[in-house]
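# Results of the structural survey
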Amino acid sequence: MELIKAMRGTRDIYDVEALKFNFIEDTAKELLENYGFGRIITPTFESTDLFKRGIGEGTDIVDKEMYTFSDRGDRSITLRPEGTAPVVRSYLENKTYAKEDLTKYYYINNMFRYERPQAGRYREFYQIGVEILGNASPMADAEVISMGYRLMEKLGIEDLKVNINSVGGNETRAKYREILVNYLTPKKDGLCTDCQTRYEANPLRVLDCKNKNCQELTVDAPMLPDNLNSEEKAHYETVKEYLDMFGVEYVENPRLVRGLDYYSSTVFEIITEKLGSQGTVLGGGRYDNLIKQLGDKEVPAVGFGSGLDRLMMLLGEDKIVNTPDIYISWMGEENIDYAFLVANKLRDNGVKVYIEYAPKSANAHRKKAFKLGAQREVIIDSESKANRTMGLKELSSRDVEVVAFDELLEKV
Ligand code: HAM
């Protein structure tokens, strides 16, 4: 019989990988809650229009990567490719803007993009995201960037670079786009085929292209930050001042543009060299127009999304120990009740206990306890059951101490 396998670009997360996932999730939750963010869980699928309007037609995500299909009621639905548009949908639908003037959400969700799978790129992947809605201050931008930076620090992930840029508002970008297209037109034939097709619709992406020819042809291209208006410039300068104040090391990268249409003003990415072409571990920016676009409300906002799968690849193995404090070795079928009595008493008091459901030889138990990396072993046989005692030993030593049931908690 042919075995059914997981779909291309998806995978099971278990064993060490699941421990890494848990560690990252727990670290992120603690950090983001310390910053006053509350969790939001949005549905896995949404109306297709949300992403078309939110992320923008003409972007790779909307044009090529969405999992879109009709459900049995003939509605066009899409598995979320990202988390920002759903958060904004919820914010508008639940009139959150009328209940509070500042909203701070975080989410840890799976996302779906029909991309060509490779190391660090999946069709189902996980993002840790944050969104601040209702504040236009450069402090919010700086805090979001600094939270991303601190998250990497807490995870112990090193050798990362924070890239920042400002892409300005709609008017600035429209003006700059014209300047850039004029600059690129005479050089068009030298660009890669991708850039030749997108240079008019999306000329900013040409600056971001990884192709050598495209990079050489644009060395002296006019840059967006030089074309910001005075208000946008002041905002960007203040973001940098706050980043300095927060001790965030960053580099200004005037070529940084993001793959989603909703950004205005500050954009940023955190990048590693260790994952080849999939080196962006976090990306985000300010999106002051998205809420108007989706719900006709003027609400400034900023946020980031970080790829949990990529963080897992970068996480050191030393972070992921999950070993039992105590392994219970029990011999003799008739002692199962006493063995579990001991196990549950310990567990109720916060001790991590590993116990099996079938009796084994003392030797087989010891092997398993070593394999699991347990610190101590509790040994139970008929004699200990009869006396309400047990043997307690450090796994690394040979000495066994006899401990009464009532003394056990004190001893461990
Ligand atoms: P994004 O840059 O499309 O932004 O995705 C954010 C992060 O998700 C990427 O930097 C990467 O780490 C991870 N990622 C994206 N695609 C994949 C994939 N196929 N496999 C593995 N990881 C992937 C957004 O999604 C925005 N919603 C971020 C944001 C929030 N901006 C403002 N608020």
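What this report covers is the structure whose coordinates are included nearby. (Residues numbered from 1 in each chain as written. Predicted model: local features only at pLDDT ≥ 70, side-chain atom pairs only at ≥ 80, totals over all residues. Heavy atoms only, no water.)

## What about the overall build of the protein chain?
To keep it simple, the criterion reads: Per the convention used, a helix needs a DSSP run of H or I reaching at least four residues, while a strand needs a run of E reaching at least two, with both numbered from the N terminus. Only C-alpha atoms enter the radius of gyration; for comparison, a globular chain is expected to reach 2.2 Å times N to the power 0.38, where N is the number of residues. Only protein chains enter the accessibility calculation, which uses a 1.4 Å probe; a residue is then buried when its area is under 20% of its type maximum, exposed when over 50%, and partly exposed in between. Working rule for contacts: check all heavy atoms of both residues, and any pair within 4.5 Å makes them a contact. Note on areas: Shrake-Rupley with a 1.4 Å probe; residue coverage comes only from the protein chains shown.
In terms of regular secondary structure, the protein chain is built from 17 helices and 16 strands. Computed over its C-alpha atoms, the radius of gyration of the protein chain comes to 27 Å, more than 25% above the 22 Å expected for a compact globule of 412 residues. Projected onto its principal axes, the C-alpha coordinates of the protein chain cover approximately 90 × 55 × 45 Å. Looking at the protein chain as a whole, 48% of its 412 residues are labelled buried. Considering only contacts in the protein chain between residues 6 or more positions apart, those separated by 24 or more positions represent 69%. On the protein chain, roughly 21100 Å² of surface is accessible, and the fraction owed to carbon and sulfur atoms is 47%.

## Remarks on the site of the ligand
Here is the rule we go by: One heavy atom suffices: a residue is near a molecule or strand as soon as one of its heavy atoms comes within 4 Å of it. Polar contact is defined as a pair of N or O atoms within 3.5 Å, subject to the rule that within protein one atom must be able to donate a hydrogen and the other to accept it, and that residues adjacent in sequence are counted only when both atoms are side-chain atoms. Each residue gets one of three labels, nonpolar for Ala, Val, Leu, Ile, Met, Phe, Trp, Tyr, Cys and Pro, charged for Asp, Glu, Lys and Arg, and polar for the others, Gly among them.
Within the structure, the ligand sits among 27 residues, and Glu82, Glu115, Tyr122, Glu131 and Tyr263 are positioned closest to it. At a separation of 3.1 Å, an oxygen atom of the ligand approaches a polar side-chain atom of Gln127. Tyr263 has a polar side-chain atom sitting 2.6 Å from a nitrogen atom of the ligand. Considering the ligand on its own, with 660 Å² of exposed area, one finds that the protein chains cover 96% of that surface. Those elements that place two or more of their residues in the shell around the ligand are strand 6 (124–133), strand 10 (280–286) and strand 11 (301–307). Class assignment for the residues of the shell around the ligand results in ten nonpolar, ten polar and seven charged.

## Focus on the side chain of Ser166
Among the structural elements, Ser166 can be located in strand 7 (residues 160–166). Taking the relative accessible area as the measure of exposure, Ser166 reaches 1% and is therefore buried. At a separation of 3.4 Å, a polar atom in the side chain of Ser166 contacts the main-chain amide nitrogen of Gly168. Excluding residues that lie within four positions of it along the chain, Ser166 makes contacts with Leu224, Pro225, Leu228, Tyr236, Ser265 and Thr266.

## Section: the pairing of strand 3 (residues 67–70)
Each regular strand shows side chains that alternate between the opposite faces of the sheet. This is how the line gets drawn: For two strands to pair, DSSP has to find at least two bridges joining them.
Summarising the sheet, strand 3 and strand 4 (residues 76–79) pair through four bridges and their orientation is antiparallel. By the bridge assignment for strand 4, Phe69 is matched with Ile77. In sequence, strand 3 turns back onto strand 4 through a hairpin of five residues, with Asp74 there showing a positive phi of about 65°.

## Notes on helix 7 (residues 170–184)
This is how it is decided: The span expected for a helix works out to 1.5 Å for each residue beyond the first. In this context, the arc is that of the directions from the helix axis out to the C-beta atoms.
Compared with an ideal rise of 1.5 Å per residue, which puts 15 residues at 21 Å, helix 7 spans 20 Å between its outermost C-alpha atoms and is within 8% of the ideal. Residues of helix 7 that are buried include every one of Thr172, Arg173, Tyr176, Leu180, Val181, Tyr183 and Leu184, and no others. Seen along its axis, helix 7 keeps its buried residues to an arc of 160°; they face one direction. Along helix 7, exposed side chains directed more than 90 degrees from the buried face belong to Glu171, Lys175, Glu178 and Asn182. Turning to helix 7, the residues buried within the fold contact helix 9 (204–207), helix 10 (212–217) and helix 11 (230–245).

## With respect to the sheet that holds strand 8 (residues 251–252)
Where we set the bar: For helices, the fitted axis covers only the stretch in contact; all axes are lines through C-alpha atoms, and the angles between them, taken along N-to-C directions, range from 0 to 180 degrees.
Read across the sheet, eight strands follow the order 1-5-6-11-10-9-7-8 without closing on themselves; strand pairing throughout is mixed. Edge strands, defined here as strands with exactly one partner in the open sheet, are strand 1 (38–39) and strand 8. As paired elements, strand 10 and strand 11 share five bridges and run antiparallel to each other. Paired with Gly284 across the strands is Phe304, a residue of strand 11. Packed onto the sheet, helix 6 (residues 138–155) meets strand 5 (103–112), strand 6, strand 7, strand 9 (266–272), strand 10 and strand 11 and runs at close to 15° relative to strand 11. The strands that helix 11 touches are strand 7, strand 8, strand 9 and strand 10; relative to strand 7, the one it contacts most, it runs at about 155°.

## A few points about the side chain of Thr42
Relative to the elements of secondary structure, Thr42 occurs in the loop between strand 1 and strand 2 (45–47). When its relative accessible area of 9% is taken as the criterion, Thr42 is described as buried. Setting aside chain neighbours within four positions, we find Thr42 in contact with Arg80, Pro86, Val87, Arg89 and Asn109.

## Regarding helix 1 (residues 15–34)
Under the 1.5 Å per step criterion, the end-to-end length of helix 1 is 29 Å for 20 residues, consistent within 8% with the ideal 28 Å. Those residues of helix 1 that fall on the buried side of the exposure criterion are Lys20, Phe21, Ile24, Glu25, Thr27, Ala28, Leu31 and Leu32. Along the axis of helix 1, the buried residues cluster in a sector spanning 165°; they form a single face. Among the exposed residues of helix 1, those oriented more than 90 degrees off its buried face are Asp15, Glu30 and Asn34. Where helix 1 is buried, its residues contact strand 1, strand 5, strand 6, helix 6 and helix 13 (308–314). Just past helix 1, the residue Gly36 takes up positive phi, approximately 85°.

## What to know about the packing of aromatic side chains
We count it as follows: Each Phe, Tyr or Trp ring (for Trp, its six-membered ring) is paired with any other whose centre lies within 6.5 Å, and the angle between the two planes then decides the class: stacked below 30 degrees, edge-to-face above 60, tilted in between. Definition used: whenever NZ (Lys) or CZ (Arg) falls within 6 Å of the ring centre and also within 35 degrees of the ring normal, the charge is taken to sit over that ring.
Tallied over the full model, the rule gives eight aromatic pairs. A centroid spacing of 5.7 Å and a plane angle of 75° characterise the contact between Tyr67 and Tyr114, whose relative ring orientation is edge-to-face. Of this pair, Tyr67 sits in strand 3 while Tyr114 sits in the loop between strand 5 and strand 6; the two residues are 47 residues apart in sequence, bridging distant segments of the chain. Note on Tyr327 and Tyr354: the rings are 5.8 Å apart at their centroids and 15° apart in plane angle, and the pair reads as stacked. Of this pair, Tyr327 sits in strand 12 (residues 326–330) while Tyr354 sits in strand 13 (residues 353–355); the two residues are 27 residues apart in sequence, bridging distant segments of the chain. Chaining the aromatic ring pairs together yields one cluster made of Tyr262, Tyr263 and Tyr287. Over the ring of Tyr236 we find Lys240, and its NZ or CZ is 4.5 Å from the ring centre.

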